[in-house]
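Inside the fold
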Amino acid sequence: MIECEGLVKIYKTDDLEVVALQGLNLKVEDGELMAIIGNSGSGKSTLLNTLGGLDRPSAGQVKVGPWDLLKITEEELVQYKRETVGFIWQNNARNLLPYLTALENVEMPMMLSGKTDRAYAKQLLEWVGLKERMHNKLHQLSGGEQQRVAIAISLSNRPKLLLADEPTGSVDTATSDIIMGIFRRLNREIGITIVIVTHDMTLASKVDRVVAIRDGLTSTEFIKRNPNMTDGTELAHSMGKGLNNVHEAYVVVDRVGRLQVPKEYLTSLGIKDKASMEFDGERIIISSPKSLGGNSHEK
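So, here is what we can say about the structure in this document.

The rules behind the values
- Residues numbered from 1 in each chain as written.
- Predicted model: local features only at pLDDT ≥ 70, side-chain atom pairs only at ≥ 80, totals over all residues.
- Heavy atoms only, no water.
- Helix = DSSP H or I, 4+ residues; strand = E, 2+ residues; numbered from the N terminus.
- Buried < 20%, exposed > 50% of the residue type's maximum accessible area, 1.4 Å probe, protein only.
- Areas by Shrake-Rupley, 256 points an atom, 1.4 Å probe, with all protein chains shown as cover.
- Pairing = 2+ DSSP bridges.
- Phe/Tyr/Trp six-rings, centres within 6.5 Å; stacked < 30°, edge-to-face > 60°.
- Polar contact = N/O pair within 3.5 Å; in protein donor to acceptor, adjacent residues only side chain to side chain.
- Contact = heavy atoms within 4.5 Å.
- Axes fitted to C-alpha atoms, helices over the stretch in contact; angles between N-to-C directions.
- 1 Å grid on protein atoms, 1.4 Å probe; cavity = no way out; pocket = protein on both sides within 12 Å on 5 of 7 lines; lining within 4 Å.
- Points joined across faces, edges and corners; volume = space filled by probe spheres on them.
- Nonpolar A, V, L, I, M, F, W, Y, C, P; charged D, E, K, R; others polar.

**Here we look at the overall build of the protein**
When you go through the protein residue by residue, the secondary structure sums to nine helices and 15 strands. By residue count, 47% of the 299 residues in the protein fall in the buried class. Surface exposure of the protein reaches about 15,500 Å², of which carbon and sulfur atoms provide 49%.

Structure, rendered in structure tokens:
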């Protein structure tokens, strides 16, 4: 569904140039439910905006389904955003029109594309648990209910890919669990590919794969040890130990064979600009050049 290779995004102003993505590699299979994590400024939201067609990539490759987002025309971009991708913002004000009912909000994207389907709009609101609230206006709905309306809106034109930017960032834990349950159900029942950007480690533990981004590069992947595990309780009780309690960690290898080793690993070994590397037939051993046999890190 998604293939990024050497993806670069540079923001330019009159006197400033910011490299938000500096050669990012990422593959997402059709039908995956996965999360992207990273600190503020790591490039995760830039990646989501690029995949959503909101930002144009500067260089590299980025393909979503049959679409090449580096070469796509403005006319094709409109079609892409209407038919292929759905987007959920953290800020409900960017998703919703306050003077319309929940049902009218869901129908609006359909009207813009000339494919209004009230029965399907009602079905979407039932899927997100708002069957009894679909005729309410937004001021009559809680923040969590408004976010569920936003999920229904994002699905109104039957997209192949759903992108969610911090979808639980402004709701309580109970509502977050409800929203995550909706994502899992949609992923399982209609097979839609879902990519969630989040800093919520508990939410990240409830997806099958997590990709960490640092400094505009993918650095580490975490694959769930038990794909049937959906409860993030274990992780919530051990936040200091990271995702490793429920996920297996992998270092990313790019197309030319370079390992993107997390910076904290190198720092712990005292490695700055050079590292000693050995291959013993089974393992690659990375260590500080000053170290002889000790203080090594095996991959």
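**Considering the pairing of strand 6 (residues 85-88)**
Where burial is concerned, the two faces of strand 6 agree: the one with Val85 and Phe87 and the one with Gly86 and Ile88 are both buried. In this sheet, strand 7 (residues 161-165) lies alongside strand 6 in parallel orientation, the contact comprising four bridges. Counterpart to valine 85 in the pairing with strand 7 is leucine 161.

**A short note on the packing of aromatic side chains**
For the structure shown, the criterion picks out three aromatic pairs. The interplanar angle of 70 degrees and the centroid separation of 6.0 Å between the aromatic rings of tryptophan 67 and tyrosine 80 together place this pair among those described as edge-to-face. Of this pair, tryptophan 67 sits in strand 5 (residues 67-68) while tyrosine 80 sits in helix 2 (residues 74-83); the two residues are 13 residues apart in sequence, bridging distant segments of the chain. Considered together, tryptophan 67 and tyrosine 80 belong to a single accessibility category, that of buried residues.

**Details of the side chain of glutamine 147**
Following the sequence through the fold, glutamine 147 ends up in helix 5 (residues 143-154). Here the side chain of glutamine 147 touches proline 167 through a polar contact of 2.7 Å, landing on its backbone oxygen. Those residues in contact with glutamine 147 that sit more than four places away from it in its chain are Ile88, Trp89, Gln90, Asn92, Asn95, Pro167 and Ile179.

**Overview of the sheet that holds strand 2 (residues 17-28)**
Whenever strands of a sheet pair, they do so through backbone hydrogen bonds, lying parallel or antiparallel. Overall, antiparallel pairing links the four strands, which are arranged 2-1-4-5 in an open sheet. Looking along the sheet, the strands with just one partner apiece sit at the ends: strand 2 and strand 5. When strand 4 (residues 59-64) meets strand 5, the two strands line up antiparallel, connected through two bridges. Across the sheet, the residue bridging to lysine 63 is aspartate 68, located in strand 5. Contacting strand 1 (2-12), strand 2 and strand 4, helix 1 (residues 44-51) crosses the sheet at an angle of about 110 degrees to strand 1.

**Structural notes on the environment of leucine 69**
Inspection of the secondary structure puts leucine 69 in the loop between strand 5 and helix 2. According to the relative accessible area criterion, leucine 69 is buried, its value standing at 3%. As for leucine 69 and proline 57, which are separated by 12 residues in sequence, their C-alpha atoms are 7.4 Å apart. Setting aside residues up to four positions removed in sequence, leucine 69 forms contacts with Thr50, Leu51, Arg56, Pro57, Val62, Val64 and Tyr80.

**Thoughts on helix 1**
With respect to burial, helix 1 is a largely interior element, seven of its eight residues being buried. Along helix 1, the positions that sit buried rather than exposed are Lys44, Thr46, Leu47, Leu48, Asn49, Thr50 and Leu51. Positive backbone phi, approximately 80 degrees, marks glycine 53, located one or two places after helix 1.

**Some details on empty space enclosed by the protein**
Empty space among the atoms becomes apparent when a probe as large as a water molecule is rolled across them. Enumeration over the complete set of coordinates arrives at two cavities of 30 Å³ or more. The volume enclosed by the largest cavity comes to roughly 40 Å³. Forming the walls of the largest cavity are Thr50, Gly53, Leu54, Asp55, Arg56, Pro57, Leu69, Ile72 and Leu77. Residues of the lining of the largest cavity, tallied by class, amount to five nonpolar, two polar and two charged.

**Overview of unusual backbone geometry**
Non-glycine residue arginine 158 carries a positive phi angle of around 55 degrees. Inspection of the secondary structure puts arginine 158 in the loop between helix 5 and strand 7. By relative accessible area, arginine 158 is classed as partly exposed at 46%. Look at aspartate 215: it is not a glycine, yet its phi comes out positive at around 50 degrees. Along the chain, the position of aspartate 215 falls in the loop between strand 9 (209-214) and strand 10 (217-224).

**Things to note about the layout of surface pockets**
Roughly 620 Å³ of internal volume is contained in the second largest pocket. Taken together, 23 residues form the lining of the second largest pocket, with Lys81, Val85, Phe87, Pro109 and Ile153 sitting closest to its centre. Counting residues per element, the ones that place at least two in the lining of the second largest pocket are helix 2, strand 6, helix 3 (102-112) and helix 5. Per-element accounting of the lining of the second largest pocket gives the leading share, four residues, to helix 3. Split into classes, the residues belonging to the lining of the second largest pocket amount to 12 nonpolar, eight polar and three charged.

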